Amino acid sequence: AREAARRAQSMNNLKQIALALHNHHAAMARFPESTTTEEGKPGLSWRVKILPFIEEGALYEEFRMDEPWDSEHNKKLIARMPMVYQSPAGMQRPGYTNYLGVAGEDGIFKGEGKGTRIAEVRDGLSNTAMVLEVDDRGAVPWTKPDDFDPADGMRPNANLGGMWSSGMFLTAFGDGSVQSIHREVDARILKALFTKSGGEVINIGDWDRPARGGEAVPDD
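What counts and what doesn't
- Residues numbered from 1 in each chain as written.
- Predicted model: local features only at pLDDT ≥ 70, side-chain atom pairs only at ≥ 80, totals over all residues.
- Heavy atoms only, no water.
- Helix = DSSP H or I, 4+ residues; strand = E, 2+ residues; numbered from the N terminus.
- Buried < 20%, exposed > 50% of the residue type's maximum accessible area, 1.4 Å probe, protein only.
- Contact = heavy atoms within 4.5 Å.
- Areas by Shrake-Rupley, 256 points an atom, 1.4 Å probe, with all protein chains shown as cover.
- Phe/Tyr/Trp six-rings, centres within 6.5 Å; stacked < 30°, edge-to-face > 60°.
- Salt bridge = Lys/Arg side-chain N within 4 Å of Asp/Glu carboxyl O.
- Polar contact = N/O pair within 3.5 Å; in protein donor to acceptor, adjacent residues only side chain to side chain.
- Pairing = 2+ DSSP bridges.
- Axes fitted to C-alpha atoms, helices over the stretch in contact; angles between N-to-C directions.

Engineer: How would you explain the overall build of the chain if you had to name every residue and give the values?
Structural biologist: Helix and strand counts for the chain come out as four helices and six strands. Order of helices (α) and strands (β) in the chain, N terminus to C terminus: α-α-α-β-β-β-β-β-β-α. The burial tally for the chain puts 51% of its 220 residues in the buried class. Considering only residue pairs separated by 6 or more positions, the chain has 70% of its internal contacts joining residues 24 or more positions apart. Roughly 10600 Å² of accessible area belongs to the chain as shown, and the carbon and sulfur atoms make up 48% of that amount.

Engineer: So what's going on with the packing of aromatic side chains? Which residues, and what values?
Structural biologist: Under the criterion given, the structure shown has four aromatic pairs. Chaining the aromatic ring pairs together yields one cluster made of Phe63, Tyr85 and Trp142.

Engineer: Describe the pattern of salt bridges, listing the residues and the values that go with them.
Structural biologist: Overall, the coordinates contain eleven salt bridges when judged by the stated rule. Put simply, Lys75 and Glu72 hold a salt bridge, and the shortest N to O gap is 3.5 Å. For Lys75, a relative accessible area of 39% corresponds to the partly exposed category. Close ionic contact of Lys196 with Asp106 constitutes a salt bridge, the shortest N to O distance being 3.3 Å. In this pair, Lys196 is assigned in the segment after α4 (187–193) and Asp106 in the loop between β2 (99–101) and β3 (129–133), connecting sequence segments 90 residues apart. Take Lys196 and Asp106: they sit in the same class, and that class is buried. Each of the salt bridges in this network shares a partner with another, and the network as a whole consists of Lys110, Arg117 and Glu120.

Engineer: Give a detailed account of the side chain of Glu184, specifying residues and quantitative values.
Structural biologist: Position of Glu184 relative to the elements: it lies in the loop between β6 (178–182) and α4. In this structure the side chain of Glu184 is engaged in a polar contact, spanning 2.8 Å, whose partner is the side chain of Arg183.

Engineer: Could you give an account of the sheet that holds β6, with specific residues and numbers?
Structural biologist: Across the sheet, four strands lie side by side as β2-β3-β5-β6; this open sheet has antiparallel pairing. Taken across any chain shown, the strands that pair with only one partner, and hence form the sheet edges, are β2 and β6. Looking at each pair of strands side by side, their axes are set apart by 35° on average, direction ignored. Sheet topology note: the strand β5 (residues 168–173)/β6 ladder contains five bridges and is antiparallel. Looking at β6, one finds that Ala172 is bridged to Val178.

Below, the structure is given as structure tokens:
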């Protein structure tokens, strides 16, 4: 019962984050992107960018957007992480979040240039993962422009599925819905969910159970 309550709270957090991302898109015509400074250093994460859309406008105004996330000024704000970024199942250090955007060359948080527009999500918002709940090994400082990149050399399920006894991990899709994905789902389905324009055909529900035959995602 306690795990079910924590899971419901985490799903609610992800729904609030997804709503804030869409409100940012409505206001700016794009999903937010992480920033870099003029010197090319890592700036601030998209999680900072959506603060005005989660009723944290005052905190947003305290950040210096032209400075790195770990500048002397900005790093003082890490401890003031909004509760919506705190997974109720996490045991990470203060200021660390388990909610990471899907990055990579074809992820919604592609990490380069301007933020993604909805029109660029050609696989469909309901078929494209946007924000994942990773386990504590993958948690990052919430202000750091660091996200889940399935193409950075790790297995595609690295740091996923360790928060709940079911082996599932929570995911906010591009349409704002929150779904559970099994960490042992067929690797081809998992990779398809992490791309926004790969052209794959996915049946709803294929991702909530372990693979049966085909290429399964191996253990970490």
